[in-house]
Amino acid sequence: MPLPTTDDAVEYIDSLDYDNWQTKIADLVSAADELHHKAEVHRRLRYSEVDIEDLKRVNRLAPDELYIPQHIIDMNVRREQSSYVQYITQSPRAVILSSRIDPTVTGDLLERDVTNRLRYDNWQIPLYANIDSFQQNGYSIVELVYDANKPGNLKHETIPLGDLGFVNDTKDIQDCEIVSRKYYFTKTKLKGVAKTYGFDLEQVKDILSAAVQNVKTEQVSVTDKRDRSLVTIFKVMFRHEGVVQVAWCQSDKGTDWLRKPQPLFIGRCKLQSDGVSPILDTEGKPEKEYETEYPYVLFPYLISENNTISELKGRCFLDQDVQEAVTSLMSSFCTAHRRGAGLYFSKDVDDPNTTDEILQKNVYFRTGALINSKIKQFQLTAPPAEMLSAVQALVTANMQETSQVNFAAQNRKDSRKTATEIQASTQSAQALSTVQVVLFSTALRQMYQKMFDITRTRVLSGMIQVNPILGQLYSGDWIVKPAGDVDVIERQQLIQQMQNLWPLMQNTPANMAFLSDLLTKLFPESAQKYIQILQQSQQQQAQQAQSQQNQMMQQAMQMAQGVVKLSKHPEWFSDAGKQQALPTVVNAAEGIEQMMKQQQSQQAQQGQQK
């Protein structure tokens, strides 16, 4: 089939022919190269990769000039990362499941099993890279990939910025006509995996030959030639008759598909209309279900009215001007102070054009030297310290922009900070950071929902073996959301409420139960140790109180027995005592005897009941 013309190239293509897609693939490669260049710029900005010695060699920096890079971008990225990392790691479970049909049904057992399948070995590494990427660049994209070696037969991979190619005005990845992902192979590995991946061996040979020829003909240094060990291969996805097709190619050096398009399969099995029973093929095996959506999940850093993916902004865009300003001010301030601390000399003459003055230049003074002329000494004026206040003002304003209101309050120059101000700033920062984490949880929920749906079909089809109880639970219709929503966000809100209520609760009978719950939520791993110490202390206090009460009861009993005994001996009283004290003693003794009889009766009844 002939190559499409320029007019035909912009129309929708529903074909498997490489010639029809070649122009669009080339456009995607070009778009990916632009994003790759953007990623390199962001990395240089974030880490301030500047060769100071090279700048001095080309006279862009004076020999005595200092350059002090300030890593504002990297500092803000790392400061915010703790909230995201806490969100995905602090909870002992990955997801929370609730039944769509019966909300009273608990999914605790199923949650533990799903967590073990989502949190495979080193599952954190791709998510950490994902978090760092969308913070730095404004967005990141994760791909779901079939992997039979994982507990859930599925894994997630973070795609670096510049490795995924799509049209620049894309607003939703699922709306793309075609997307491409860049892979890097060494020449040895490409030869080794050619048969495993089903690559066309002739295309592999042509690609490797072209790569070697390019290195030989290009005018590059020996080091550059030695470093060019990777061959770039593209995995492209597009839809044909509504089904996503995946193919491999090399647009620059290849002339055809490296591997012809095949329907995309990432582990999903077909289920019957009841959503539980699997559909079997002619061989009695579960029938594969091919994907109609691309296996990509977008993680945006911020949401704004402009939802074009390539125009989403991250910390590099938001902080680059502040970082440049602070770097410039700090470098200038230190350089000026360094120059102001030095001593400078000139001959104290009225005529600067004398022959002796012209000849003597670059003279350096040292201790003990004899100077044969009158010398004038002077120093440069160092800048005032108010420049540091300007630097602090820039940093403080930036902290407020990044939701770090508490940081700004704690680092204010004056010391007139009240407890109310610090508490208000802390609550404000928690609320603002929670908004960003909720945005992250929305994308994470989308990823977990897709992974759970695929794993569920494999369990129900018998491709993943579980015990019968879990099999029955998997057959239910479940709503999936990240556990961090409850275990992190809602818990932090509850902790804040409990801390505010503690002054009221600490003087009530429920204080120990309330404090135990608060400690459990604050320190889930070590709270039991603290609670046990509190309970032991409370038991010791109760035992001491009981012991004191028993001693008092014994003393009271002895006194009561003395009163009864005293009432039985009127002769012990004088005549006046018989008239005034004895009646009172007799009445008290009768009351004591009555109480003792009632107590003996109750003890007898309790003994019979036992």
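Note: the structure precedes this text.
*Asks:* Before we go on, may I ask you to explain the pattern of salt bridges in this structure?
*Replies:* Any two side chains of opposite charge can pair, on the condition that their charged atoms come close. Counting across every chain of the model gives 23 salt bridges. Close ionic contact of R117 with D113 constitutes a salt bridge, the shortest N to O distance being 3.0 Å. Taken together, the positions of R117 and D113, both in helix α5 (residues 108–118) and 4 residues apart, correspond to about one turn of that helix. Assigned by exposure class, R117 and D113 land together as buried. Measuring nitrogen to oxygen at the nearest pair gives 2.7 Å for the salt bridge that ties R315 to D319. A residue pair is termed a helical-turn pair when its members lie 3 or 4 positions apart in one helix, as R315 and D319 do in helix α10 (residues 315–340) at 4 residues. For the pair R315 and D319, one class covers both residues: buried. Each member of the salt-bridge network shares a partner with another, and the members are E143, D147, K150, K155, E157, R181 and K235.

*Asks:* Honestly, the side chain of R268 in this entry has me stumped. Any pointers?
*Replies:* Examined against the element boundaries, R268 turns out to sit in the loop between β8 (259–263) and β9 (296–300). For R268, a relative accessible area of 18% puts it in the buried group. Side-chain polar atoms of R268 contact the side chain of E291, separated by 3.0 Å. Setting aside residues up to four positions removed in sequence, R268 forms contacts with K288, E289, E291, D453, I454 and T457.

*Asks:* Looking at this structure, I do not really get the nonpolar core. What am I missing?
*Replies:* When a protein is soluble and globular, its nonpolar side chains tend to lie buried together. Counting residues in hydrophobic clusters, the biggest one holds 58 residues, and the most contacted among them are F166, Y296, F299, F440, L444, M447 and Y448. Ranked by residue count, the leading element in this core is helix α14 (residues 419–460), at 11 residues. Dropping the residues within four chain positions of it, Y448 is found in contact with A94, V95, L118, L127, V480 and P482.

*Asks:* Help me out: how do you make sense of the pairing of strand β7 (residues 243–249) in this one?
*Replies:* Note on strand geometry: in a regular strand, side chains alternate between the two faces of the sheet. The buried fraction of β7 is high, at 6 of 7 residues. Direction of pairing for strand β6 (residues 230–240) relative to β7: antiparallel, over a ladder of 7 bridges. Counterpart to F234 in the pairing with β7 is C249. Joining the antiparallel neighbours β6 and β7 is a turn of 2 residues, in which E241 adopts a positive phi near 60°.

*Asks:* Just to check I follow, could you spell out unusual backbone geometry for this structure?
*Replies:* What you tend to see is this: most non-glycine residues have negative phi, and most peptide bonds are trans. You will see that N153, though not glycine, has its phi angle at about 60°, which is positive. In this fold, N153 is placed in the loop between β2 (139–146) and β3 (154–159). Backbone geometry at E241 places phi at a positive 60°, although glycine is not the residue there. What makes E241 exposed here is its relative accessible area of 64%.

*Asks:* Explanation requested: the packing of aromatic side chains in the structure shown.
*Replies:* Describing an aromatic ring pair means giving the distance of the ring centres and the angle of the ring planes. In this structure the tally under the stated criterion is 18 aromatic pairs. Pairing Y139 with F166 gives two aromatic rings, centres 6.5 Å apart and planes at 65°, and the pair type is edge-to-face. Here Y139 is found in strand β2, whereas its partner F166 is found in the loop between β4 (164–165) and β5 (178–186), with 27 residues between them in sequence. The residues Y139 and F166 share a single accessibility class, namely buried. Over the face of the ring belonging to F265 we find K288, whose NZ or CZ atom lies 4.8 Å from the ring centre. Its guanidinium or amino end placed over the ring of F317, K313 lies 4.8 Å from that ring's centre, counting from NZ or CZ.

Each value, and the rule that gives it
Residues numbered from 1 in each chain as written. Predicted model: local features only at pLDDT ≥ 70, side-chain atom pairs only at ≥ 80, totals over all residues. Heavy atoms only, no water. Salt bridge = Lys/Arg side-chain N within 4 Å of Asp/Glu carboxyl O. Helix = DSSP H or I, 4+ residues; strand = E, 2+ residues; numbered from the N terminus. Buried < 20%, exposed > 50% of the residue type's maximum accessible area, 1.4 Å probe, protein only. Polar contact = N/O pair within 3.5 Å; in protein donor to acceptor, adjacent residues only side chain to side chain. Contact = heavy atoms within 4.5 Å. Core = buried A, V, L, I, M, F, W, Y, C linked by side-chain atoms within 4.5 Å. Pairing = 2+ DSSP bridges. Phe/Tyr/Trp six-rings, centres within 6.5 Å; stacked < 30°, edge-to-face > 60°. Lys NZ or Arg CZ within 6 Å of the ring centre and 35° of its normal.

Coordinates in, geometry out; function isn't part of it.
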